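# Secondary and tertiary structure notes
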Amino acid sequence: MKPSIPKGTRDFGPTEVLKRRYIIDTIRKVYEEYGYQPLETPAMENLNTLMGKYGDEGDKLLFRVLNQGQKVKKADLTALEEGNLAKFSNSLAERGLRYDLTIPFARYVVMNQHQLTFPFKRYQIQPVWRGDRPQKGRYREFFQCDADVVGSNSLLNEAELVQVFNKVYSQLDISVTVRLNNRKVLAGIADVIGCEEKMMDITIAIDKLDKIGLEGVQKELSNRGLGDDEIKEVSNFLAIEGDIPTKLSQLENLLATSETGMKGVAELKTLFHYISQVAIQVDVELDVTLARGLNYYTGTIFEVVANDVKMGSISGGGRYDDLTGTFGLPGVSGVGISFGLDRVYDVMEELGKFETISINTTQAMFINFGGETEAFAFKCLQELRKAGVPAEIYPDNAKMKKQMKYANTKQIPFVIFTGSEEMETGMLGIKNMETGEQEKVAVNELVNYLA
RNA sequence: GUGAUUGUAGCUCAGUUGGUUAGAGCACUGGAUUGUGGUUCCAGGGGUCGGGGGUUCGAAUCCCCUCAUUCACCCCA
């Protein structure tokens, strides 16, 4: 048979793993610097934990884990006959692969509420699964790097998360724009035009502004059932321009009649004030058209895009006022962000940011000359490892050329010769693979030489 | 779920209006060089042309089906 892996999944070879680890380590260190603590949850959750949390689209994209053993008898064949495929497929599975890290976190918080000290700050770097059609920057298995804080309404949390974006992307040397908005502002827009129930339709439409333009948005609003006057009012919001204080005051004017909207503006004002107090190198924008994010966001919304690469958002996040409510713990507010590891990787690859990262860890390799010298080299090797120097010996007495080629391909910086002559004199030949120079070094000097 | 795209050696790709034994570069193996890689030269191995069916004297090439890929829409990291 021809070997293959499932659609939208990937193998990661040694160099890819090292590059991915570099990104993960960068994010993890910044998270820890800001007081977030690690958490890991199972790949699988009970389906009822997951269902209904991500909208209809999300439910469709959930990977279900088929029931096994006696549980297959639970299959609802009546539903199948009636053509109710959704009901039928739900009867086949009770568990599913996690779709994001936020819902499992909420579940964890509720289950452990009495053990946790609030505000609780956690980070989580694990894979998630979605049954999308793969395309650029979109995979069926991908890593998210989340940081969330629950049990605090303070906008200082939001400000710190912007700092986290700033620090991580500065360290990774990616030029990005952090876009900010507030769900309450979006609700306010629907509010002032008297279409509260159409908030989702409006946000989905205006979110496409940069993609389909003003006329496209207006057309979409019309398709979604808005009248001409209402569309005109929405257009006023799309026309907001200028620096952040200007935008905020324009928003204030337009939203004056909406309590919710004004609250959103006030929150944005506070957040931008906090941000202005600290050093931020990346671009931070207020974008009224930013609507993206999952259904449960209620306050601040974050999105990060790379400035020099055409790719969807590489990070996102937001505040959710009642995330744990569905699990029986109402009134706990949280805010969090997520880095899309795979997209960050793709961006860095496209920008050539990995060229300076070393793909090798082995510092020295012993050539294997066979016979007694093999054991001698093996013994010398132990000295290096004991001193913490990553080293290896070529395991077979292969041709010199083959061994050298192996060291060269693996980019091992030093090759050590321990033939019969070296064994007698105790002076080992050590070759610098970069310069091609070779020297004689005593066995007990090896560690110092390589240090 | 919708619409396109591309499938030829391990990888990246040529392959003319359908015409002899399907090619190149890189990679790999051996040799020039029996204790010295990365440069050079020589030689070699490696192909169900994604799969199935059809048209034809003849198909990598044209038609149909199918599978896979990539991209876009929807939605999202």
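Each chain carries its own residue numbering, running from 1 in the direction its sequence is written. Chain letters start at A and ligand numbers start at 1, both assigned in the order the entries are written. In keeping with the model being predicted, local features are shown solely for residues with a pLDDT of at least 70 and side-chain atom pairs are shown and tallied solely at 80 or more, while totals for entire chains, interfaces and linings include all residues. The side-chain figures draw on all heavy atoms in the structure; neither hydrogens nor water molecules are used.

Quick look at the domain arrangement of chain A now. Split by domain assignment, chain A resolves into domain 1 (14-41 + 99-355) and domain 2 (364-450). A separation of 53 Å is found between the C-alpha centroids of domain 1 and domain 2. Segmentation into domains, and thus their bounds, comes from an automatic or database assignment.

Formed by 73 residues in total, the largest nonpolar core has its most connected members in Tyr31 and Phe339. Note on contacts: a residue pair qualifies if any of its non-hydrogen atoms lie within 4.5 Å across the two residues. Once you skip the residues sitting within four places of it in the chain, Phe339 turns out to touch Ile27, Tyr31, Phe143, Gln144, Cys145, Val164, Phe165, Val168, Tyr169, Ile314 and Ser315. Core analysis: the second largest hydrophobic core is formed by 17 residues, Phe376, Leu384, Ile416 and Leu450 among them. Take the buried residues of types Ala, Val, Leu, Ile, Met, Phe, Trp, Tyr and Cys, join any two whose side-chain atoms come within 4.5 Å, and each joined set is a nonpolar core. Throughout this description, buried means an accessible area under 20% of the type-specific maximum (1.4 Å probe, protein chains only), exposed means over 50%, and partly exposed covers the range between.

What follows covers helix H10 (residues 209-223). The first and last C-alpha atoms of H10 sit only 15 Å apart over 15 residues, clearly below the 21 Å expected at 1.5 Å per residue. Roughly 75° is the biggest bend found in H10, and it falls at Glu215. By definition, any uninterrupted DSSP run of H or I lasting at least four residues is a helix, any uninterrupted run of E lasting at least two residues is a strand, and each is numbered from the N terminus. Against helix H9 (199-206) and helix H11 (228-238) lie the buried residues of H10. Just beyond H10, the residue with positive phi is Gly225, at close to 95°. To estimate how far a helix should reach, multiply one less than its number of residues by 1.5 Å. What is called the bend at a residue is the angle between a pair of axes, fitted to the seven residues leading up to and ending at it and to the seven starting from it.

Before going further, it helps to spend a moment on the sheet that holds strand S15 (residues 427-432). Strand order in the open sheet formed by five strands is S13-S12-S14-S15-S16, with mixed pairing between adjacent strands. Each edge of the sheet is formed by a strand with only one pairing partner; in this case those strands are strand S13 (391-393) and strand S16 (438-442). Ignoring which end each strand starts from, the neighbouring axes of this sheet average 25° apart. Direction of pairing for S15 relative to S16: antiparallel, over a ladder of five bridges. Its bridge partner being in S16, Met427 is matched across the sheet by Ala442. Fitting a line to C-alpha atoms yields each axis, with helices limited to the stretch in contact; the angle taken between N-to-C directions then spans 0 to 180 degrees. Taken strand by strand, helix H15 (residues 371-386) contacts strand S12 (364-366), S13, strand S14 (414-417) and S15, and its axis lies near 170° from that of S13. DSSP-based pairing: two strands are paired if at least 2 bridges between them are found.

Only Phe, Tyr and Trp rings are paired, with Trp represented by its six-membered ring, and only when their centres lie within 6.5 Å; those with planes under 30 degrees apart are stacked, over 60 edge-to-face, the remainder tilted. Under the defined criterion, the tally for this structure stands at 16 aromatic pairs. With a centroid separation of 5.9 Å and 70° between ring planes, the pair formed by Phe165 and Phe302 is classed as edge-to-face. You can see Phe165 sitting in helix H7 (residues 156-171) and its partner Phe302 sitting in strand S9 (residues 300-306), a full 137 residues away along the chain. For the residue pair Phe165 and Phe302, the accessibility class agrees, reading buried in each case. Both rings, one in Tyr296 and one in Tyr297, keep their centres 5.4 Å apart while their planes meet at 75°; by these two values the pair is edge-to-face. The same class applies to Tyr296 as to Tyr297, namely buried. Ring-pair connections join several aromatic residues into one group, and the members of that group are Tyr31, Tyr36, Tyr123, Phe165, Tyr169, Phe302 and Phe339. Definition used: whenever NZ (Lys) or CZ (Arg) falls within 6 Å of the ring centre and also within 35 degrees of the ring normal, the charge is taken to sit over that ring. For the cation-ring pair, Arg10 lies above Tyr139, with the distance from its terminal atom to the ring centre recorded as 3.6 Å.

Before going further, it helps to examine the sheet that holds strand S2 (residues 44-46). Read across the open sheet, the three strands follow the order S2-S4-S3; overall the sheet is antiparallel. Of all strands in the sheet, those bounded by a partner on one side alone are S2 and strand S3 (64-66). Pairs of neighbouring strands in the sheet enclose a mean axial angle of 45°, with direction left out of account. When S3 meets strand S4 (residues 93-97), the two strands line up antiparallel, connected through three bridges. Bridged to Val65 within S4 is Arg95.

Any residue with at least one heavy atom within 4 Å of a molecule or strand is counted as near it. In the neighbourhood of RNA strand B, 39 residues make up the surrounding shell, with Arg130, Arg138, Arg292, Ser313 and Met433 lying closest. Atoms of RNA strand B within 4 Å of the protein: sugar and phosphate make up 43%, bases the balance. The term polar contact refers here to a pair of N or O atoms within 3.5 Å; inside protein, the definition further demands a hydrogen-donor-capable atom paired with an acceptor-capable atom, and it admits residues adjacent in sequence only when both atoms are side-chain atoms. The backbone of Gly137 places a nitrogen or oxygen atom 3.4 Å from a base nitrogen of RNA strand B. Between RNA strand B and Gln438 there is a distance of 2.7 Å, counted from a base oxygen to a side-chain nitrogen or oxygen. Among the secondary structure elements, those contributing two or more residues to the surface near RNA strand B are strand S6 (141-150), strand S10 (315-320), helix H16 (400-409) and helix H17 (420-425). Looking at the surface near RNA strand B, the element that brings in the most residues is H16, giving five residues. Residues are grouped as follows: Ala, Val, Leu, Ile, Met, Phe, Trp, Tyr, Cys and Pro are nonpolar; Asp, Glu, Lys and Arg are charged; all remaining types, including Gly, are polar. When the residues that make up the surface near RNA strand B are grouped by side-chain class, the tally is 10 nonpolar, 12 polar and 17 charged.

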